[in-house]
Amino acid sequence: ALSAARTEADYLGAMKLYSTIPQEQMTQATYNTMLSLHARHGGHDAAEELFREMKRGGRVDKISVTAIMKSRVKVGDFEGAKLAFDTATKVGGA
């Protein structure tokens, strides 16, 4: 359901749904889906905040690194995208 968000309204609905999921029920797929949605729908600040949260919790994987790279490239932060790529090599993703 979360990954099906195609429109702005879908994105906002997904964010609302995401906010209701208890922390202990969050899965890697849920984190990555929201990170990808933020990147796709221009929620760069939200993507960065979620990526930091994921790093603190040891939840960064190849999919999350790819999503944050897309978000950073979308806003012209090419240096940040490279830093994310460097992170990917540390988690075995590149």
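The text that follows walks through the structure, step by step, so that each part is easy to find.

Procedures and definitions
- Residues numbered from 1 in each chain as written.
- Predicted model: local features only at pLDDT ≥ 70, side-chain atom pairs only at ≥ 80, totals over all residues.
- Heavy atoms only, no water.
- Helix = DSSP H or I, 4+ residues; strand = E, 2+ residues; numbered from the N terminus.
- Contact = heavy atoms within 4.5 Å.
- Areas by Shrake-Rupley, 256 points an atom, 1.4 Å probe, with all protein chains shown as cover.
- Buried < 20%, exposed > 50% of the residue type's maximum accessible area, 1.4 Å probe, protein only.
- Core = buried A, V, L, I, M, F, W, Y, C linked by side-chain atoms within 4.5 Å.
- Axes fitted to C-alpha atoms, helices over the stretch in contact; angles between N-to-C directions.
- Parallel < 35°, antiparallel > 145°, perpendicular 65-115°, else oblique.
- Left-handed = near helix turned anticlockwise from the far one by under 90°.
- Nonpolar A, V, L, I, M, F, W, Y, C, P; charged D, E, K, R; others polar.
- Salt bridge = Lys/Arg side-chain N within 4 Å of Asp/Glu carboxyl O.

Further remarks concern the overall build of the protein chain. Across its full length, the protein chain holds 5 helices and 0 strands. Order of helices (α) and strands (β) in the protein chain, N terminus to C terminus: α-α-α-α-α. A separation of at least 24 residues holds for 49% of the contacts in the protein chain among residues at least 6 apart in sequence. Within the structure as shown, the protein chain displays about 5600 Å² of accessible surface, and the carbon and sulfur contribution to it stands at 56%.

In this fold, Glu-48 is placed in helix α3 (residues 44-56). Looking at Glu-48, the relative accessible area reads 13%, which means it is buried. Setting aside residues no more than four positions away along its own chain, Glu-48 makes contact with Ile-68 and Arg-72.

Glancing now at the nonpolar core. By size, the foremost hydrophobic cluster in this structure holds 18 residues, and its most contacted members are Leu-35 and Leu-50. Secondary structure elements with two or more residues in this core: α1 (8-19), α2 (28-40), α3, α4 (62-74) and α5 (78-90). The residues touching Leu-35, leaving out its near neighbours within four places in the chain, are Ala-47, Leu-50, Phe-51, Met-54, Ser-64, Ala-67 and Ile-68.

Two elements in contact, α2 and α4, have axes whose closest approach is 8 Å; the angle formed by their N-to-C orientations is 15°. In this view, α2 runs roughly parallel relative to α4, as classed from their interaxial angle. The element α2 and its partner α4 pack so that their crossing is left-handed. Along its contact with α2, which presents Gln-28, Asn-32, Leu-35, Ser-36, Ala-39 and Arg-40, the element α4 presents Ile-63, Ser-64, Ala-67, Ile-68, Ser-71 and Lys-74. Here the residues of the contact of α2 with α4 are counted per class, giving 5 nonpolar, 5 polar and 2 charged.

Right, let's get into the pattern of salt bridges. Scanning all chains against the criterion turns up 2 salt bridges. Residue Arg-72 pairs with Glu-48 through a salt bridge whose shortest N-O separation is 2.7 Å. In this pair, Arg-72 sits in helix α4 while Glu-48 sits in helix α3, placing the two residues 24 residues apart along the sequence. Classification of Arg-72 by relative accessible area gives buried; the value is 11%. The partner of Lys-82 in a salt bridge is Asp-86, and the shortest N-O contact between them spans 3.3 Å. One end of the pair is Lys-82 and the other is Asp-86, both in helix α5 and 4 residues apart, which spans about a single turn. Given the relative accessible area of 45%, Lys-82 is considered partly exposed.

That is the geometry; function is a separate question.
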